[in-house]
Amino acid sequence: MTTPACQLYLISPLDVGGDFPAQLEAALSAAPVAAFQFRVKNVDQHEAARLAEPLQAICAAHDTAFIVNDDMALAKRLGADGVHLGQGDGDLQDARRLLGPQAQIGVTCHDSRHLAMEAGDGGADYVAFGAFFPTTTKTVEHRAEPEILTWWQGLFELPCVAIGGITVDNAKTLIDAGADFLAVSGGVWAHPDGPAEAVRAFDKLFAG
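Regarding the overall build of the protein chain
The helix and strand tally for the protein chain stands at nine helices and eight strands. Relative to the compact-globule value of 17 Å for 208 residues, the protein chain shows a C-alpha radius of gyration of 16 Å, a close match. In terms of principal-axis extent, the alpha carbons of the protein chain reach across some 40 × 40 × 35 Å. Within the span of the protein chain, comprising 208 residues, buried residues form 48% of the whole. Within the protein chain, contacts between residues at least 6 apart in sequence are counted, and of these 55% link residues at least 24 apart. Split by element, the accessible area of the protein chain, about 10,000 Å² in all, is 52% carbon and sulfur.

Some details on helix α4 (residues 92–99)
All buried positions along α4 are accounted for by L92, A95 and L99. All buried residues of α4 fall inside an arc of 60 degrees around its axis, so they share one side. Of the residues flanking the start of α4, the one acting as N-cap is D91, its side-chain oxygen 3.0 Å from the backbone nitrogen of Q93.

Thoughts on the packing of helix α5 (residues 113–121) against helix α6 (residues 147–155)
At a minimum axis separation of 12 Å, α5 and α6 run at an interaxial angle of 35 degrees. Classified by chirality, the crossing of α6 by α5 is right-handed. Counting all contacts with α5, which are made through R113, A116 and M117, the residues of α6 involved are I148, W151 and W152. Residue composition of the contact of α5 with α6, by class: five nonpolar, no polar and one charged.

Brief notes about unusual backbone geometry
Cis geometry marks the peptide bond from G130 to A131, where omega comes out at 10 degrees. Mapped onto the elements of the fold, A131 is located in the loop between β6 (126–130) and α6. If you check the backbone angles, N42 has positive phi at about 60 degrees while not being a glycine. On the secondary structure map, N42 appears in the loop between β2 (35–38) and α2 (45–61). Among the residues examined, N42 registers a relative accessible area of 83% and is labelled exposed.

Topic: the nonpolar core
Counting residues in each nonpolar core, the largest one holds 66 residues, and the members touching the most others are F36, F38, F66, F129, L149 and L182. Take this core: its biggest share by element is seven residues, from α2. Contacts of L149, omitting those with residues within four sequence positions, involve F129, F132, C160, A162, L174, A177, G178 and A179.

Criteria and cut-off values
- Residues numbered from 1 in each chain as written.
- Predicted model: local features only at pLDDT ≥ 70, side-chain atom pairs only at ≥ 80, totals over all residues.
- Heavy atoms only, no water.
- Helix = DSSP H or I, 4+ residues; strand = E, 2+ residues; numbered from the N terminus.
- Rg over C-alpha atoms; globule rule 2.2 N^0.38 Å.
- Buried < 20%, exposed > 50% of the residue type's maximum accessible area, 1.4 Å probe, protein only.
- Contact = heavy atoms within 4.5 Å.
- Areas by Shrake-Rupley, 256 points an atom, 1.4 Å probe, with all protein chains shown as cover.
- Arc of directions from axis to C-beta.
- Polar contact = N/O pair within 3.5 Å; in protein donor to acceptor, adjacent residues only side chain to side chain.
- Axes fitted to C-alpha atoms, helices over the stretch in contact; angles between N-to-C directions.
- Left-handed = near helix turned anticlockwise from the far one by under 90°.
- Nonpolar A, V, L, I, M, F, W, Y, C, P; charged D, E, K, R; others polar.
- Core = buried A, V, L, I, M, F, W, Y, C linked by side-chain atoms within 4.5 Å.

The structure is reproduced here in structure tokens:
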């Protein structure tokens, strides 16, 4: 089976307790999802590890990469597939030393070509650009335009991820511009017909 040119990269809501594991199971069962990013704030590592455990098992069962946001020590503790680093979340080389050559390490590059080239030179496995649209999950300080994806694709082999307020309704411009992955949170978890329906709708878009 050929992999579509663009794939889904799910980002967790901040609350991953309660019935969230069932929602994740439904989402990953609906259509292929390349990666899931575990993103929780203001919980200690022990609690974060407890919350992550069932989600990591669900991802493993569906062949979805389990990526930890911001915290390379937590990624190491969990034996996660990788870590995603914001610009203030530690050093790419430190993460590589800690997690090893197989880990998927991504770097937030906002709307900056310079940061993206630095990350690529530093050995990142993917670069993330955004936010492309207004988002409710975090304060947007940087707005990116779709042409940065086209520019990146024209020059580099390294995959690029588009992030920020992406929904089924606005995703097509980013797919057309050359995003390898769409990082989506609210556009799936808050979808009116539920996460599984959202994942299926993205899958249709990717299939063209």
